Amino acid sequence: MASDLVRGDDGKRRCRWGAGDEMYRRYHDTEWGRPVLDERGLYEKLCLECLQSGLSWALILRKREGLREAFAGFDPEAVAGLDVERLLEDVRVIRNRKKLEAIVRNAEATIAMRDETPLPELIWSFRRRDRRAPRGYGEMPSLNQESKELAKELKRRGFAFVGPTTVYSTMQAVGVVNDHLAGCFVRAEVEAARKALSDGA
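A brief look at the structure comes next. This one's a predicted model, so the numbers in the text were calculated from it and none came from an experiment.

## Notes on the nonpolar core
- Counting 46 residues, the largest nonpolar core has Tyr 43, Leu 67, Phe 71, Leu 119, Leu 150, Leu 154 and Phe 159 as the members making the most contacts within it.
- Those elements giving two or more residues to this core turn out to be helix H1 (22-30), helix H2 (39-52), helix H3 (57-70), helix H5 (84-87), helix H6 (97-113), helix H7 (119-124), helix H8 (145-156) and helix H9 (164-174).
- Once residues lying within four places of it in the same chain are set aside, the contact partners of Phe 159 are Leu 46, Arg 105, Asn 106, Ala 109, Thr 110, Met 113, Leu 119 and Leu 154.
- Counting six residues, the second-largest nonpolar core is a separate cluster that includes Leu 5, Cys 15, Val 186 and Val 190.

## A few points about empty space enclosed by the protein
- Applying the stated criterion across every chain, the model contains one cavity of 30 Å³ or more.
- Within this model, the largest cavity holds a volume of roughly 30 Å³.
- Looking at the lining of the largest cavity, the elements with two or more residues in it are H8 and H9.
- Residue contributions to the lining of the largest cavity peak at three residues, all from H9.

## Focus on unusual backbone geometry
- The residue Phe 74 is not glycine, and still its phi comes out positive at about 60 degrees.
- Take Phe 74: it is sitting in the loop between H3 and helix H4 (76-79).

## Thoughts on H2
- The end-to-end C-alpha distance of H2 is 20 Å, a good match for the 20 Å that 14 residues give at a rise of 1.5 Å each.
- The buried fraction of H2 amounts to 13 of the 14 residues, a majority that puts the element mostly inside the structure.
- Within two residues after H2, Gly 54 carries a phi angle of roughly 85 degrees, on the positive side.

## Regarding the environment of Leu 5
- Structurally, Leu 5 is set in strand S1 (residues 5-7).
- For Leu 5, a relative accessible area of 14% corresponds to the buried category.
- Expressed as a C-alpha distance, the spacing of Leu 5 and Cys 184, which sit 179 residues apart in the sequence, is 6.9 Å.
- Ignoring anything within four residues of it in the chain, the contact list for Leu 5 reads Arg 13, Arg 14, Cys 15, Arg 16, Leu 181, Ala 182, Gly 183 and Cys 184.

## Here we look at the state of the cysteines
- Counting across every chain of the model gives zero disulfides.
- Cys 47 takes part in no disulfide bond, and the closest cysteine sulfur to it belongs to Cys 50, at a distance of 6.8 Å.
- On the basis of relative accessibility, which here comes to 1%, the residue Cys 50 falls in the buried class.

## Observations concerning the environment of Ala 133
- Among the secondary structure elements, Ala 133 is positioned in the loop between H7 and H8.
- Note: C-alpha distance between Ala 133 and Gly 11 (122 residues apart in sequence) is 21 Å.
- Leaving out residues up to four positions away in the same chain, Ala 133 has contacts with Glu 139, Ala 182 and Arg 187.

Calculation notes
- Residues numbered from 1 in each chain as written.
- Predicted model: local features only at pLDDT ≥ 70, side-chain atom pairs only at ≥ 80, totals over all residues.
- Heavy atoms only, no water.
- Core = buried A, V, L, I, M, F, W, Y, C linked by side-chain atoms within 4.5 Å.
- Buried < 20%, exposed > 50% of the residue type's maximum accessible area, 1.4 Å probe, protein only.
- Helix = DSSP H or I, 4+ residues; strand = E, 2+ residues; numbered from the N terminus.
- Contact = heavy atoms within 4.5 Å.
- 1 Å grid on protein atoms, 1.4 Å probe; cavity = no way out; pocket = protein on both sides within 12 Å on 5 of 7 lines; lining within 4 Å.
- Points joined across faces, edges and corners; volume = space filled by probe spheres on them.
- Expected span 1.5 Å × (residues − 1).
- Disulfide = S-S within 2.5 Å.

Listed below in structure tokens is the structure:
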């Protein structure tokens, strides 16, 4: 839908959700959907989507620097050794026991995967290449078959709090799928970055 795209004061058309305050705009323009290939970066995005479940994304963005401090830059080695009881007393984090336990458990699972199928290899193996650009939010799913399969595989490998919807949101955030709307200026940049990955494979 045309109303799902907004032209900003810079003259660029972008997804409506990314045209709000500066925090959202910066995240939309510079980060969301751009390919993330490193283990730490993918683990961080998975953690942020886990923490966001049931909450507003604005809250996560506002707390992000504090979260990075509390979780040692989302280094899986460091997070695997954190004490959940201490985290529950830390005002920088989302103090939800199940989510915090999942973050520590997922760090352990990420480390355990390294010798067989590292996290980046697993997540990017679920990339689907032939997908039409959504023209409006009504064409954007909250999950897909790939996110269902990836969620199942992550759970098999010991991950927690990784339902198909949370996993799909992660796939959107890290560029495994490109859900910038047709006509959004960032979409073309993301597609170029994804194509470069295919060309370099």
